[in-house]
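Residue-level listing of the chains:
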Amino acid sequence: MHIETDPKLDFKDVLIRPKRSTLSSRADVDVTRSFRFVHTGREWTGFPLIASNMDTVGTFSVARAFAPFGAMVALHKHYPAERLIEFLRSEIAENVFYSIGTTTEDLDKLALVRAQVPVGKICIDVANGYSEQFLQVVQRVRAENPDSVIMAGAIVTGEMAEALILAGADIVKVGIGSGSVCTTRDLTGVGYPQLSAVIECADAAHGLRGHVCSDGGCTVPGDVAKAFGGGADFVMLGGMLAGHDECEGRVRYEIRNGESVPVGLEFYGMSSDTAMNKYHGGVADYRAAEGKTVEVPYRGPVKATLQHIMGGLRSSMTYIGATRLKEVPKRTTFVLVGAQRNTVFD
Ligand code: 5GP
């Protein structure tokens, strides 16, 4: 039995050390970034934050709300083809990923959509990115879509990041078991601390001129800053974007002062009982749900939350003296901590 003993870190295990700089105001920092993708040579400029391809937050409405800020959405895969075609004809198509799994149905639907409208960015998403079959699907999607930016995952280790990039992915999606409504670690005992996964995968991917998206595990804007600091080029969020007007899912209302007001929204993992009942008529006999269902407080428009995250990141960049997002990993020194903050009023 071999046990890896070097420490593996989560966002909660570190803080970012402040650094001296000549930056005077957070208005001087730029959170947008330009990318050139390894396989397509395509370029994209924007704020590299991506709403997760969950059917609650990966919505057309979130994409419309994010577009003015240059942020992105991985659209969930349960929209009918006609609605996806219509949306991809809009001018914000550059800021969305078209999501697929590895089923024939998903690949056929993509072919159908592509026949009507260009699909600039594709997210190939499976819970376990370690199977040979997944690599083959990435190769096939790359061959069939030579001009599309491809993001693929989920994985958590450097050798798999390299394999996916060599198979045709431009961006690897990093994170297994770190999600807010994910129960993979409880059920299977499998996972990897998110910050270390990002650091190790970024090291491997960047060596091949690929990019990395940190997916899952962010609970506060500071975690987004830590993910970028660890080398993530993109950060994907689910739970932090749940509960907003632009989200889909059941809303609970209460009568307050004679008026019906929204108080809570249902949010669930894409492998939860809730999602499987909705899309697959129940949980198949041979598997167990790997996600849970929660109710999150209603939080109003998503724009305010996005601005809060951007504000946090700008401030973080000011503390470390990074003018541009690209400089963040170079200016980041993590310190191991025993506690994140003062909890006296918790
Ligand atoms: P969050 O930002 O909420 O911490 O994490 C979001 C990520 O959790 C998603 O992008 C996806 O990778 C992952 N996720 C979503 N639903 C499920 C699920 O049902 N099971 C598991 N294992 N992961 C999920």
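Conventions adopted
- Residues numbered from 1 in each chain as written.
- Predicted model: local features only at pLDDT ≥ 70, side-chain atom pairs only at ≥ 80, totals over all residues.
- Heavy atoms only, no water.
- Axes fitted to C-alpha atoms, helices over the stretch in contact; angles between N-to-C directions.
- Helix = DSSP H or I, 4+ residues; strand = E, 2+ residues; numbered from the N terminus.
- Parallel < 35°, antiparallel > 145°, perpendicular 65-115°, else oblique.
- Left-handed = near helix turned anticlockwise from the far one by under 90°.
- Contact = heavy atoms within 4.5 Å.
- Nonpolar A, V, L, I, M, F, W, Y, C, P; charged D, E, K, R; others polar.
- Near = heavy atom within 4 Å.
- Polar contact = N/O pair within 3.5 Å; in protein donor to acceptor, adjacent residues only side chain to side chain.
- Areas by Shrake-Rupley, 256 points an atom, 1.4 Å probe, with all protein chains shown as cover.
- Domains from an automatic or database assignment.
- Disulfide = S-S within 2.5 Å.
- Buried < 20%, exposed > 50% of the residue type's maximum accessible area, 1.4 Å probe, protein only.
- Phe/Tyr/Trp six-rings, centres within 6.5 Å; stacked < 30°, edge-to-face > 60°.
- Pairing = 2+ DSSP bridges.

A. Representation of the packing of helix H2 (residues 81-88) against helix H3 (residues 104-114) within the structure. At a minimum axis separation of 10 Å, H2 and H3 run at an interaxial angle of 45 degrees. Taken together, the axes of H2 and H3 are oblique relative to one another. Note that H2 runs across H3; the crossing there is right-handed. Residues Ala-81, Leu-84, Ile-85 and Leu-88 of H2 touch H3, and the partners they reach there are Lys-109, Leu-112 and Val-113. Grouping the amino acids of the contact of H2 with H3 by side-chain chemistry returns 6 nonpolar, no polar and 1 charged.

B. Structural detail: the site of the ligand. Close to the ligand lie 21 residues, the nearest being Ser-180, Thr-184, Asp-215, Ser-271 and Glu-290. In the environment of the ligand, an oxygen atom lies 2.7 Å from a nitrogen or oxygen atom belonging to the backbone of Gly-238. Burial of the ligand by the protein amounts to 90% of the accessible area it has alone, namely 530 Å². Each residue belonging to the shell around the ligand can be placed in one class, and the counts come to 5 nonpolar, 13 polar and 3 charged. Mapping the shell around the ligand onto the domain boundaries places at least three of its residues in each of domain 1 (22-246 + 302-336) and domain 2 (251-295).

C. Region of the structure containing the state of the cysteines. This model, assessed by the stated rule, comprises 0 disulfides. Considering cysteine sulfurs only, Cys-218 is the nearest to Cys-247, which forms no disulfide, with 16 Å between them. Its relative accessible area of 11% is what places Cys-247 among the buried residues.

D. Region of the structure containing the packing of aromatic side chains. As enumerated under the stated definition, the model contains 7 aromatic pairs in all. An angle of 10 degrees between the planes, with centres 5.9 Å apart, marks the rings of Phe-35 and Phe-37 as stacked. Taken individually, Phe-35 and Phe-37 each receive the classification buried, so the pair is uniform in this respect. The interplanar angle of 20 degrees and the centroid separation of 6.3 Å between the aromatic rings of Phe-37 and Phe-234 together place this pair among those described as stacked. Of this pair, Phe-37 sits in the loop between strand E2 (33-36) and strand E3 (43-46) while Phe-234 sits in strand E11 (residues 234-237); the two residues are 197 residues apart in sequence, bridging distant segments of the chain. In this structure, Phe-37 and Phe-234 share a single accessibility class: buried.

E. Expanded view of the sheet that holds strand E6 (residues 96-100). Strand order around the closed barrel formed by 8 strands is E4-E5-E6-E7-E8-E9-E10-E11, with parallel pairing between neighbours. Ignoring which end each strand starts from, the neighbouring axes of this sheet average 25 degrees apart. In terms of strand pairing, E6 meets strand E7 (residues 121-125) through 3 bridges, oriented parallel. Of the residues in E7, the one forming a bridge with Tyr-98 is Ile-122. Helix H7 (residues 194-207) contacts strand E8 (149-155), strand E9 (171-174) and strand E10 (211-215) of the sheet and is inclined by roughly 165 degrees relative to E10.

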